[in-house]
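# Fold and geometry: a report
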Amino acid sequence: MKFQFVTKTKLLLLLLCTHLALNISAQTNNAIDTKVNTLLAKMTLEEKIGQMNQYNGFWEVTGPTPKEGNAKEKYDHLKKGMVGAVLNVKGVENVRKLQEIVVNETRLGIPLLFGFDVIHGHKTLFPIPLASSCSWDLEAIEKSSRIAAIEASAVGINWTFAPMVDITRDARWGRVMEGAGEDPYLGSKIGAAQIKGFQGTDFSSNSSIIACVKHFAGYGFAEAGRDYNTVDVGTSTLYNIILPPFKAAVEADVKTVMNSFNVLNGIPATGNKFLQRDILKGKWNFKGFVVSDWGSGYEMIDHGYAKNLKQAAELAANAGSDMDMESYSYVRHLKELVEAGKVDIAVIDDAVKRILRIKYELGLFDNPYKYCDAKREKELIYHADHIAASLDMAKKSIVLLKNENNLLPLVKTQKNIAVIGALANDKNSPLGSWRIGSDDNTAISVLEGLKNIGANITYAKGAELITAPTSFPEEVKVNETDKSEFTAAIKLAKKSDVVIMVLGEHGFQSGEGRSRTKLDLPGVQQQLLEAIYKVNKNIVLVLMNGRPLAITWANEHIPVIVEAWQLGSQTGNAIASTLFGDNNPSAKITMSFPRSVGQVPIYYNHYNTGRPGPKSEVFWSHYGDEINQPLYPFGYGLSYSKFEYSNLKIDDSNPQKVKIFVTIKNTSTIAGEEIAQLYIHQKIASIVRPVKELKGFSKVKINAGETKELEFDLTDKELGFYNNEGNFVVEAGAFDVMVGTSSEQGLVGVFNKK
Ligand code: BGC
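Here the structure is a predicted model, which is why all the values come from computation and not from measurement.

Moving on, we come to the nonpolar core. W159, L243, L450, I500, M501 and L579 are the most contacted members of the largest nonpolar core, which totals 174 residues. It is helix α14 (residues 345-361) that contributes the most residues to this core, 8 residues altogether. Residue contributions to this core reach at least three from each of two domains, namely domain 1 (25-113 + 344-374) and domain 2 (393-599). In contact with I500, other than residues within four places in its own chain, are L410, I417, A418, V419, I420, L450, V540, V542 and L579.

Our next topic: the environment of G720. Within the fold, G720 resides in the loop between α22 (716-719) and β24 (721-722). In this structure, the C-alpha to C-alpha distance between G720 and E731, residues 11 residues apart in sequence, is 6.8 Å.

On to empty space enclosed by the protein. Rolled over the atoms, a probe with the dimensions of a water molecule shows which regions are left empty. Scanning all chains against the criterion turns up 6 cavities of 30 Å³ or more. If you add up the space inside the largest cavity, you get close to 120 Å³. Taken together, 14 residues form the lining of the largest cavity, with I119, H120, S144, S145 and Q194 sitting closest to its centre. Of all elements in the fold, only α5 (129-133), α6 (138-154) and α7 (184-199) reach the threshold of two or more residues within the lining of the largest cavity. No other element matches the 4 residues that α6 contributes to the lining of the largest cavity. Tallied by class, residues from the lining of the largest cavity come to 8 nonpolar, 6 polar and no charged. Approximately 80 Å³ is the volume attributed to the second largest cavity.

Time to look at the packing of aromatic side chains. Inspection of the entire model under this criterion finds 20 aromatic pairs. Look at Y604 and Y679: their rings are 5.4 Å apart centre to centre, the planes differ by 75°, and that puts the pair in the edge-to-face class. With a gap of 75 residues between them, Y604 in the loop between α21 (571-579) and β19 (643-651) and Y679 in strand β21 (residues 672-682) connect regions that are remote in the sequence. As far as the burial class goes, Y604 and Y679 line up, both buried. The rings of W136, Y185, Y604, F634, Y679 and F697 are connected pair by pair, giving a single aromatic cluster. We note K537 situated over the ring of Y533; from NZ or CZ to the ring centre the distance is 4.4 Å. Between the NZ or CZ atom of K649 and the centre of the ring of F661, over which it lies, the distance is 5.7 Å.

Right, let's talk about the sheet that holds strand β16 (residues 498-504) for a bit. Overall, mixed pairing links the 6 strands, which are arranged β11-β18-β17-β16-β12-β13 in an open sheet. The open sheet has two edge strands, β11 (399-403) and β13 (457-460), and neither has a second partner. Taken pair by pair, the neighbouring strands of this sheet meet at an average axis angle of 20°, ignoring direction. In the sheet, strand β17 (residues 539-544) pairs with strand β18 (residues 560-563) via 4 bridges, with the strands oriented parallel. Looking at the pairing, L543 lines up with E563 of β18. Against the sheet, helix α19 (residues 525-535) engages β12 (417-420), β16 and β17, with an angle of about 170° to β16. Taken strand by strand, α21 contacts β16, β17 and β18, and its axis lies near 150° from that of β17.

Of all 9 residues that make up α21, 9 are buried, and the element is covered over most of its length. Where α21 is buried, its residues contact α16 (384-397), α17 (446-452), β16, β17 and β18. Residue G581 follows α21 closely and has a positive phi angle near 85°.

Going from A162 to P163, the amide bond is cis rather than trans, its omega being 5°. By the secondary structure assignment, P163 is in the loop between β4 (159-160) and α7. The step from L408 to P409 runs through a cis peptide bond, and the omega angle for that step is -5°. In this structure, N88 is a non-glycine residue whose phi angle is positive, near 70°.

Rules of the game
Residues numbered from 1 in each chain as written. Predicted model: local features only at pLDDT ≥ 70, side-chain atom pairs only at ≥ 80, totals over all residues. Heavy atoms only, no water. Core = buried A, V, L, I, M, F, W, Y, C linked by side-chain atoms within 4.5 Å. Buried < 20%, exposed > 50% of the residue type's maximum accessible area, 1.4 Å probe, protein only. Helix = DSSP H or I, 4+ residues; strand = E, 2+ residues; numbered from the N terminus. Domains from an automatic or database assignment. Contact = heavy atoms within 4.5 Å. 1 Å grid on protein atoms, 1.4 Å probe; cavity = no way out; pocket = protein on both sides within 12 Å on 5 of 7 lines; lining within 4 Å. Points joined across faces, edges and corners; volume = space filled by probe spheres on them. Nonpolar A, V, L, I, M, F, W, Y, C, P; charged D, E, K, R; others polar. Phe/Tyr/Trp six-rings, centres within 6.5 Å; stacked < 30°, edge-to-face > 60°. Lys NZ or Arg CZ within 6 Å of the ring centre and 35° of its normal. Pairing = 2+ DSSP bridges. Axes fitted to C-alpha atoms, helices over the stretch in contact; angles between N-to-C directions.

In short, shape yes, function no, at least from these values alone.
Below, the structure written as structure tokens:
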């Protein structure tokens, strides 16, 4: 009785608070709308268009003059109120200077937004997003983004161009490093966590910055993995794979969306009404604004969609691209287009309102210098708490791919350990590709990490990985010929008990514009690996790379493989603690690893074919020279613990909530974390369904010998799909379900959705 009373009182209080909170937020919204409308009424057409214009900065402190583009014109425009946002300006002093110009010298004093690519940390670097996605740890991912926002906001930035939620199935594409892999369900959850981290819970705080989900849409499906290439996808893939993470981002209240460079089924994304007006601002009711990608407005000319910059401006504005990044198209042509009736003034007003609303929400009108606190800048950059969080995220991102005979973890008393590979001694490459806000050569290298942990090691480089460049952004030149340092490495390996080989890609081999046709170990590294293997088979291969690699030979021969990606500032410490057992690996890959590049695109949630096989004769869907399956499937990753799944139970009595139960036992003597995954497959539907689709996961810590029971609930949200008209439908019928340790291994059952 008493319990009931307390619960009821609590419930009433909760309802009251929710009601009050909703009321307050409605009032705030109304108040902001009023302010936006009042300001808009005062603005000239030129000033309105100015808000829709974003320039790249790299500004000088004394001046300030931009170092790039038409510097004089940009500066003039700034003073006339014809710039709404800038990007790539950082440092409190620089930001303040620019803000002072617009606030004090322009007629209306509308503050600027300061955008920046804060992708995996700002100064303190976290693992590349593909790596941290392997943690499946939404809390840790949110925390990483929160810290990135704290550091970015401390140097004056109030808008990040992240997260990238492009689903990626093609490891040749360099930007796979920037996303969360191949699955839209997991990708949606991770994107939402990042947005929550960046934007925080309260925009009045000076550590909340606005997030920008990108690239809308389809950019991750560039043909043959070549960056900026054509995208041509069917409706089912568009609605069920590409769009869901963007929709989830809108539901997570992301404030901005960036469109993309690619054409989608013949229409450039920047000039794509269907994407921006019908779906994003129409069906999804997105209230924020859309920014173009860098120069994607004028790129519509090369695509053969706009005849000149003027038409590019017309097409982009009418299609719903609210702010132009570095195309100069709006600032040069929108005024005459409005005057000629080609672009309705309502289009301009709508775009400007969206932009102003966010500036009000951020509190920039109350305090344009909100993000200009030199004290914060000094105190917060590389703060010890941030470094600790980066180490934690790095440990959570390392995937153990193979551990034959439990060679790992190594014991600290182990003598005669050789370390081989240029990447072991690299303090720059582990920082990854997208980190223009940070400082070069600041990663803890693997060698440093091993020394920090007290490991007894001797190092030989073996071979240089790259010959150029040492800094961003020129093309990488890989060492394809020089094997002069092999001999010393072989000699060392011969007399060692264990060899840790650190091989992979340089940090600048992935990222924007960095596609590859091969997925092997670049340069002479494969030869080095084989040469060392000849003299010592006790190899622990530590991979550092920005994309899945086809390491079939290594998988066949090398007893231990650790996927360490590019882990950011604390790389070496995270790797060392994993190799020596202070960290028990728990991550699972979020992109399938192919056996050879010819299998790409390869992904777990493919459709069945009419000839799935396997068959003994030839006429079924297969390759003559390779099996269909990936080398390592989506969701795969080992631990030093051993987990056993049992007792799959299904309760489908309530069609609104099908319940699935499973028991997991840690049968080892070490506590560990397991990422249990649930996949479904609707057997017959009006549109064929993938062979498996992730619809639930749970990361659980299980002590040695302990057993835990997990419950997964499947509602219409998980069981439905988008039809070819883009409508979400739920169809009754039979489903296969699998719960297990990867997309290929688990307990299976069947249920009926009534
Ligand atoms: C990239 C975007 C990025 C923008 C601004 C473009 O080249 O595609 O992802 O946010 O530049 O730096």
